[in-house]
Amino acid sequence: MAKIAVLGYGVVGSGTVEVLYKNKANLEKKAGQELEIKYILDLRDFPDSPYKDKFIKDFDTILNDPEVSVVVEVIGGIDPSYNYVKSSLLAGKSVVTSNKELVARKGAELLAIAREKGVNFFFEASVGGGIPIIRPLHQCLSANTIDEIAGILNGTTNFILTKMIRDNMSFDTALKIAQELGYAERNPSADVDGLDTCRKICILTSLAFGKHVYPDNIHTEGITKITPEDVAYCENFGGSIKLIGWAAKQEDDKVAIMVCPAFIHEDSQLAGVNDVFNAILVRGDSTGDVVFYGKGAGKLPTASAVVADIVIAVKMDKSSKSLYWEDSDQDFIEDTENITVANYLRVLDSDKKKIESIFGEVTYLTRKGAPENELAFITEPMSEKQCALNIKTLCDGSASLLGRIRVLEY
Ligand code: HSE
């Protein structure tokens with residue numbers, strides 16, 4: 001029998017316990033042994049819970065119990081999760097987590113400890129909620145060199161953007177609904193400022209390229225500056241605005257990584273991904289594009305990924321060889337100013353002649369009710385550095401920049 005400890009009885013923790021007991025018989029067949037949650041660690045009391053006898057408040061009880069072979073960390077954040085996870089691995093227990101911040105910041109170190117101790121550190125639920133993406137990336141797609149990854153990786157922002165586009169809803173109203181539905185993080189900044197997406201693309205990139213990518217080094221923009229005017233121009237462009245975390249191998253073997261809202265053409269498989277759904281496009285050199293789609297947030301979808309990791313963890317008697325990346329000094333990450341993309345720009349008090357003299361050939365967009373002194377256009381691809389210089393030249397006089405959104409092709 002495998003004995004499991006669950007750290008944290010919040011949304012994902014309670015979902016994990018629920019899914020494990022709901023499907024216990026079936027899961028035990030897959031695991032080849034009985035599964036029992038021995039402890040649930042939480043500071044709060046749950047006197048009415050059917051699992052009330054399992055609750056404890058002292059982590060050391062779990063750490064010092066040799067019967068516990070798998071620790072499930074679903075508390076979130078770094079403190080105390082990092083210490084709990086690290087000490088569990090050092091004690092020879094496998095760890096399953098949904099904690100993307102922990103994996104994005106400490107993944108290389110924790111994977112190395114797991115390998116040294118012959119146990120596993122699994123985190124399928126950290127990216128894409130219920131969508132299988134971690135295991136497909138390091139197992140099913142392992143014959144490929146990964147050229148590119150692009151994902152709608154945050155359900156909350158995709159939900160907000162969908163509401164803004166479909167229902168003409170304001171950003172604030174849509175955010176409030178997302179929070180009521182339990183999609184948003186406690187601090188919505190992690191969602192709307194792009195940090196959550198950044199952590200997830202860092203995890204995928206680390207796995208795909210075998211070197212740790214730390215979130216602090218990645219240019220990250222959120223969706224707070226998107227306006228109904230931008231939404232209208234994007235409709236004229238023939239696409240949707242999506243918050244994309246993307247990574248692309250460059251000719252010099254460096255990897256360009258960025259998190260930004262982007263115009264995505266309606267022909268793209270990512271354009272039709274709406275509401276809380278996530279999608280991750282992986283471009284392999286043999287497969288071409290493969291797209292993973294599903295519920296990227298929520299109690300049961302995320303618990304589904306956690307429980308699947310538990311089942312695999314109890315079956316394995318050594319560390320995974322393929323779920324691994326090394327620590328890195330980040331020298332393989334392309335300087336942001338060299339990253340080359342097309343841009344949508346919206347400007348006030350400029351003129352077409354000046355715009356074209358600075359940006360060269362551009363495609364103008366229109367929207368109903370635009371003031372006469374407003375112009376919106378799409379540029380050809382150019383480096384971030386060049387684009388910033390061009391904007392500065394354009395806005396030297398009376399013209400001002402009202403909005404800039406990158407245009408990505410997938
Ligand atoms: N807040 C996250 C999201 C939860 O909206 O996608 C899942 O990581």
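Data block above holds the structure.
Engineer: Break down the overall build of the chain for me, citing the residues and quoting the values.
Structural biologist: Secondary structure assignment for the chain yields 14 helices and 17 strands. Across its three principal directions, the C-alpha atoms of the chain cover 75 × 45 × 35 Å. Scored against the burial criterion, the 410 residues of the chain give a buried share of 55%. Within the chain, residue pairs in contact and separated by at least 24 positions form 73% of the contacts whose partners lie at least 6 positions apart. For the chain, the exposed surface amounts to about 17600 Å²; the carbon and sulfur share of it is 47%.

Engineer: Could you give an account of unusual backbone geometry, with specific residues and numbers?
Structural biologist: A cis amide bond links Asp 79 with the next residue in sequence, Pro 80, at an omega value of 10°. Note that Pro 80 resides in the loop between β4 (68-73) and α4 (81-90). For Asn 168, which is not a glycine, the phi torsion comes out positive at approximately 50°. Inspection of the secondary structure assignment puts Asn 168 in the loop between α7 (155-166) and α8 (171-180). Look at Asn 168 and you get exposed, because its relative accessible area is 69%. Backbone geometry at Gln 330 places phi at a positive 75°, although glycine is not the residue there. The buried category is assigned to Gln 330, whose relative accessible area is 14%.

Engineer: Outline the sheet that holds β4, listing residues and values.
Structural biologist: Overall, parallel pairing links the six strands, which are arranged β3-β2-β1-β4-β5-β6 in an open sheet. Strands with a single pairing partner mark the edges of an open sheet, and in this sheet they are β3 (55-56) and β6 (121-122). Both strand β1 (residues 2-7) and β4 contribute to a ladder of five bridges, which runs parallel. Each bridged residue has a counterpart across the sheet, and for Lys 3 the counterpart in β4 is Val 68.

Engineer: Which residues make up the pattern of salt bridges, and what values do they have?
Structural biologist: The full count for this structure, using the stated rule, is 27 salt bridges. Ionic pairing is found between Arg 367 and Glu 374, a salt bridge with its closest N-O pair at 2.9 Å. Glu 374 matches Arg 367 in its accessibility class, with the two residues each being buried. Because the salt bridges share partners, they merge into one network encompassing Lys 3, Lys 38, Asp 65 and Glu 67.

Conventions used here
- Residues numbered from 1 in each chain as written.
- Predicted model: local features only at pLDDT ≥ 70, side-chain atom pairs only at ≥ 80, totals over all residues.
- Heavy atoms only, no water.
- Helix = DSSP H or I, 4+ residues; strand = E, 2+ residues; numbered from the N terminus.
- Buried < 20%, exposed > 50% of the residue type's maximum accessible area, 1.4 Å probe, protein only.
- Contact = heavy atoms within 4.5 Å.
- Areas by Shrake-Rupley, 256 points an atom, 1.4 Å probe, with all protein chains shown as cover.
- Pairing = 2+ DSSP bridges.
- Salt bridge = Lys/Arg side-chain N within 4 Å of Asp/Glu carboxyl O.

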